[in-house]
Amino acid sequence: MAGRIIFIHGPSSSGKSTLGKALQQAIEAPFWRWSIDHLRDASVLPSDRIRAGEFLWSEMRAPFFDGFHRSVAAFAEAGNDLILEHILDTPGWADELKARLAPFDVLFVGVHCDPAELRRREIARGDRPLGSAEKDFETVHVGRVYDIEVDGRSSVAENVRAVLERWRSGERRSEFAGRGR
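Just so it is clear, the model here is predicted, and its values are computed rather than measured.

### Some details on the environment of Ala162
Then step 1. Topologically, Ala162 is positioned in helix 8 (residues 156–169).
Then step 2. The exposure class of Ala162 is partly exposed, given its relative accessible area of 29%.
Then step 3. A C-alpha to C-alpha distance of 14 Å links Ala162 and Arg172, two positions ten residues apart in sequence.

Next up, the structure:
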């Protein structure tokens, strides 16, 4: 059986991981959480050497994300249900993922958060380049069509309840709709 995907999308620091963790605890099936942050935090990337200038992230970025996108489809193809936390911040990624994820049931969730709160969270986290969340705010939702949209400042329990209600309804209207159904 092909895996199912809840794709959580929004600016950096908008609450994607918080929502993903809470969804994983509340949903009735064993969903894996998958994101770039997991790879970064597990020291998969040679981050110290990138920071030291030994390796250029600009040269590594495209193949890294190509592999990440392929991994999402591979995990789902193997039958794993996924909560994907990702930012479509590069031209072409949305079309690439729509093609790769076409065989799967995908619920596309937009997480919104105002710029002042994004800034506050980004500063508190201290693990992102300052200003990246606000840049994301200006661009990542443009042209996106979601199955459901939530506010990252709202109660996590409220957002989980809304996402699970839409997930369980089987209703899909996003730009990923009609795929894998």
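And the narrative resumes.
### Notes on the side chain of Ser14
Then step 1. If you trace the backbone, Ser14 turns up in the loop between strand 1 (4–9) and helix 1 (16–26).
Then step 2. Among the polar contacts made by the side chain of Ser14, one reaches the main-chain carbonyl oxygen of Pro11 at a distance of 2.7 Å.
Then step 3. Those residues within four positions of Ser14 in sequence are excluded, and the remaining contacts are Val111, Cys113, Leu118, Arg121 and Gly152.

### Overview of the packing of helix 1 against helix 8
Then step 1. Two elements in contact, helix 1 and helix 8, have axes separated by 10 Å at closest approach and are oriented at 60°. Classed by the angle they form, the pair helix 1 and helix 8 counts as oblique. Two packed elements cross with a definite hand, and for helix 1 against helix 8 that hand is right-handed. In contact with Thr18, Leu19, Ala22, Leu23 and Ala26 of helix 1, helix 8 contributes Val156, Asn159, Val160, Val163, Leu164 and Arg168.
Then step 2. Residue composition of the contact of helix 1 with helix 8, by class: eight nonpolar, two polar and one charged.

### Focus on the nonpolar core
Nonpolar side chains in soluble globular proteins tend to be buried together.
Then step 1. Grouped together as the largest cluster of nonpolar side chains are 24 residues, with contacts concentrated most on Ile5, Phe7, Val72 and Leu101.
Then step 2. Listing elements by their share of this core, those giving two or more residues are strand 1, helix 2 (36–41), helix 4 (57–77), strand 3 (81–86), helix 5 (93–100) and strand 4 (105–112).
Then step 3. Top element by residues in this core is helix 4. It accounts for six residues.
Then step 4. Ignoring any residue separated from it by four or fewer positions in sequence, one finds Phe7 in contact with Leu84, His86, Leu88, Leu97, Leu101, Val106, Leu107, Phe108, Val109 and Phe176.

### A word on unusual backbone geometry
Then step 1. For Ser13, which is not a glycine, the phi torsion comes out positive at approximately 70°.
Then step 2. Tracing the backbone shows Ser13 in the loop between strand 1 and helix 1.
Then step 3. One non-glycine residue, Ser43, lies in positive phi territory at about 60°.
Then step 4. Relative to the helices and strands, Ser43 resides in the loop between helix 2 and helix 3 (47–51).
Then step 5. Looking at Ser43, the relative accessible area reads 57%, which means it is exposed.

### Things to note about the environment of Glu117
Then step 1. With respect to the helices and strands, the residue Glu117 is situated in helix 6 (residues 115–125).
Then step 2. Exposure remark for Glu117: the relative accessible area of 16% places this residue in the buried category.
Then step 3. Linking Glu117 and Arg172, residues 55 residues apart in sequence, is a C-alpha distance of 29 Å.

Definitions and limits used
Residues numbered from 1 in each chain as written. Predicted model: local features only at pLDDT ≥ 70, side-chain atom pairs only at ≥ 80, totals over all residues. Heavy atoms only, no water. Helix = DSSP H or I, 4+ residues; strand = E, 2+ residues; numbered from the N terminus. Buried < 20%, exposed > 50% of the residue type's maximum accessible area, 1.4 Å probe, protein only. Polar contact = N/O pair within 3.5 Å; in protein donor to acceptor, adjacent residues only side chain to side chain. Contact = heavy atoms within 4.5 Å. Axes fitted to C-alpha atoms, helices over the stretch in contact; angles between N-to-C directions. Parallel < 35°, antiparallel > 145°, perpendicular 65-115°, else oblique. Left-handed = near helix turned anticlockwise from the far one by under 90°. Nonpolar A, V, L, I, M, F, W, Y, C, P; charged D, E, K, R; others polar. Core = buried A, V, L, I, M, F, W, Y, C linked by side-chain atoms within 4.5 Å.

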